[in-house]
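What follows is the residue order along each chain.
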Amino acid sequence: MIRRTKQKEAIVSVLKKKHQPMPIEEIHQMALKAVPSLGIATVYRTLKSLLEEGCIKIVELPGKPLHYEEAHKGHHHHFCCNTCHGVFELEKCPSGIHQLAPKGFQVTDHEIILYGTCADCTTS
Ligand SMILES: [Zn+2]
Ligand SMILES: [Zn+2]
């Protein structure tokens, strides 16, 4: 049985609501609205146990703090906004990307990160 504390519920629902990977500070800020007494140490501990349970996963982006997202989403990629530093999910994965590898090479995985300006930052 997985024991779900109020803190844990708050953190899970933050990640669910936002639909995009978030750094720990942002998760903390949003979860504070539900659990005002929530400390950053508890957020760290809770994220660690959610990782161990396989509920969330880490998104590593060069030059950024670790981001966390729900684990069940399957293969996808990310867009990093250079203005607000938000990280957004991309739905599509380009086909044929594995053909970029030289002849005789076997590709087992790939990472794609798009950089630019998000819609909100473009219009404001
Ligand atoms: Zn932006
Ligand atoms: Zn892909």
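Residues numbered from 1 in each chain as written. Chains lettered and ligands numbered in written order. Predicted model: local features only at pLDDT ≥ 70, side-chain atom pairs only at ≥ 80, totals over all residues. Heavy atoms only, no water.

A short note on helix α2 (residues 24-31)
Now for step 1: Buried within α2 we find I24, I27, H28 and A31. Viewed end-on, α2 has its buried residues packed into an arc of 100°, placing them on one side of the element.
Now for step 2: On its buried face, α2 is in contact with α1 (6-18), β1 (22-23), α3 (40-53) and β3 (67-70). (Buried < 20%, exposed > 50% of the residue type's maximum accessible area, 1.4 Å probe, protein only. Helix = DSSP H or I, 4+ residues; strand = E, 2+ residues; numbered from the N terminus. Arc of directions from axis to C-beta. Contact = heavy atoms within 4.5 Å.)

Digging into the environment of Y115
Now for step 1: Note on placement: Y115 falls in strand β6 (residues 113-116).
Now for step 2: For Y115 and V59, which are 56 residues apart along the polypeptide, the C-alpha to C-alpha distance reads 15 Å.
Now for step 3: If we skip the residues at most four places from it in the chain, Y115 touches P62, F79, C80 and N82.

As for the domain arrangement of the protein
Now for step 1: Per the domain assignment, the segments making up the protein are domain 1 (6-72) and domain 2 (75-123).
Now for step 2: In this structure, domain 1 and domain 2 have C-alpha centres spaced 22 Å apart.
Now for step 3: With 9 residues of domain 1 at the interface, the matching set in domain 2 holds 9 residues.
Now for step 4: Of all residues in domain 1, Q20, L61 and K64 bury the most surface against domain 2, accounting for 48% of the area lost on that side.
Now for step 5: Across the domain 1-domain 2 interface, the total number found is 0 salt bridges.
Now for step 6: Summed over the shared surface of domain 1 and domain 2, the number is 3 residue pairs in polar contact (both at pLDDT 80 or more).
Now for step 7: Broken down by class, the residue content of the side of domain 1 that touches domain 2 amounts to 4 nonpolar, 3 polar and 2 charged. (Domains from an automatic or database assignment. Buried area = accessible area lost by both parts, 1.4 Å probe. Salt bridge = Lys/Arg side-chain N within 4 Å of Asp/Glu carboxyl O. Polar contact = N/O pair within 3.5 Å; in protein donor to acceptor, adjacent residues only side chain to side chain. Nonpolar A, V, L, I, M, F, W, Y, C, P; charged D, E, K, R; others polar.)

Some words on the packing of α1 against α3
Now for step 1: The geometry of α1 relative to α3 is characterised by a closest axis approach of 10 Å and an angle of 75° between their N-to-C directions. Classed by the angle they form, the pair α1 and α3 counts as roughly perpendicular. Note on element contacts: α3 touches α1 through T42, V43, T46, L47, S49, L50 and E53, opposite Q7, K8, I11 and V12. (Axes fitted to C-alpha atoms, helices over the stretch in contact; angles between N-to-C directions. Parallel < 35°, antiparallel > 145°, perpendicular 65-115°, else oblique.)

What about the nonpolar core?
Now for step 1: Counting 16 residues, the largest nonpolar core has I11, L15, I27, V43, L47 and Y68 as the members making the most contacts within it.
Now for step 2: Elements that contribute at least two residues to this core include exactly α1, α2 and α3.
Now for step 3: With 5 residues, α1 is the single largest residue contributor to this core.
Now for step 4: The residues touching Y68, leaving out its near neighbours within four places in the chain, are L15, Q20, P21, M22, I24, I27, L47, L51, I56, K57 and I58. (Core = buried A, V, L, I, M, F, W, Y, C linked by side-chain atoms within 4.5 Å.)

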